[in-house]
Amino acid sequence: MIIRPMTAEDIDAVLIVENACFTDPWSRKSFEDSLNEPPAYLLVMADDAKEKIAGYCCLYHALDEGEIVNVAVAPEYRQKGYGGELVRALMVLGTSLGENRFFLEVRAGNTAGKRLYESLGFEMCGIRKGFYSNPKEDAVLMMWEKASVCQ
């Protein structure tokens, strides 16, 4: 597996993963717009042997903060640690851009996602009521801060 920047040529394969993972998926235009926005950084994890996108993630950068807005791993690649690898790669990238803290939202019922983020040092810092639709669900807001990890 390799992790590299997403390109426009990856969008078709990324949409397959997106639609397999989310009930309210991003559109092609959402990915195209993010690829063309300077504060957005998108990474893909590719299975070189199969020439297939196994997962992807997106980071929005602003000043010293990063917002992780989309992390997805195709169902056949789950439970192998790839989600953690993708998030760590985003955090390394963000840190190189000067980010000292990262935020993300995760569905309240996504136990595996919350466990993954906690294992990476994220802590719950709030609830966003009714944040998700299809189905309607609260979001758990999580944050990782450089200072809290270095203490």
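Please refer to the structure placed before this passage.
Residues numbered from 1 in each chain as written. Predicted model: local features only at pLDDT ≥ 70, side-chain atom pairs only at ≥ 80, totals over all residues. Heavy atoms only, no water.

(A) The packing of aromatic side chains, seen in detail. Summed over all chains, the structure comprises six aromatic pairs. Where F102 meets W144, the ring centres are 5.5 Å apart and the plane angle is 50 degrees; that geometry is what we call tilted. Pair noted here: F102 is in strand β5 (residues 101-107) and W144 is in strand β7 (residues 137-145), with a separation of 42 residues, a long-range link. A relative accessible area of 0% places F102 in the buried class. Plain terms: the ring middles of Y117 and F122 are 6.0 Å apart, the flat faces sit at 65 degrees to each other, and that makes the pair edge-to-face. (Phe/Tyr/Trp six-rings, centres within 6.5 Å; stacked < 30°, edge-to-face > 60°. Helix = DSSP H or I, 4+ residues; strand = E, 2+ residues; numbered from the N terminus. Buried < 20%, exposed > 50% of the residue type's maximum accessible area, 1.4 Å probe, protein only.)

(B) Structural detail: the environment of V14. If you trace the backbone, V14 turns up in helix α1 (residues 11-21). When the C-alpha positions of V14 and R28 are compared, they lie 9.2 Å apart, and in sequence the two are 14 residues distant. Those residues within four positions of V14 in sequence are excluded, and the remaining contacts are M6, F31, V44, I53 and Y56. (Contact = heavy atoms within 4.5 Å.)

(C) View of the pattern of salt bridges. In total, this model carries ten salt bridges according to the counting rule given. Between K29 and D33 there is a salt bridge, with its nearest N and O atoms 2.9 Å apart. Placement of the pair is K29 and D33 together in helix α2 (residues 28-35), with a separation of four residues, close to one helical turn. A residue is classified by how much of its surface remains accessible, and K29, at 53% relative accessible area, is exposed. The exposure class assigned to D33 is partly exposed, which follows from its relative accessible area of 34%. The network of salt bridges with shared partners includes D64, E65, R101 and E145. (Salt bridge = Lys/Arg side-chain N within 4 Å of Asp/Glu carboxyl O.)

(D) View of the environment of S27. By the secondary structure assignment, S27 is in the loop between α1 and α2. Note on S27: relative accessible area 34%, which makes it partly exposed. With 16 residues separating them along the chain, S27 and I11 place their C-alpha atoms 9.9 Å apart.

(E) Highlighting α1. Of all the residues in α1, the buried ones are I11, V14, L15, V17 and E18. The arc enclosing the buried residues of α1, seen along the axis, measures out at 165 degrees, which places them on a common side. Residues of α1 that are buried in the fold lie against α2, β2 (40-47), β3 (52-62) and β4 (65-73). (Arc of directions from axis to C-beta.)

(F) Highlighting the pairing of β7. The sheet contact formed by β5 and β7 spans seven bridges and is antiparallel. Note on β7: the bridge partner recorded for F103 is M143. Across six bridges, the pairing between strand β6 (residues 123-132) and β7 is antiparallel. Residue pairing for β7: G126 is matched across the bridge by L141. (Pairing = 2+ DSSP bridges.)

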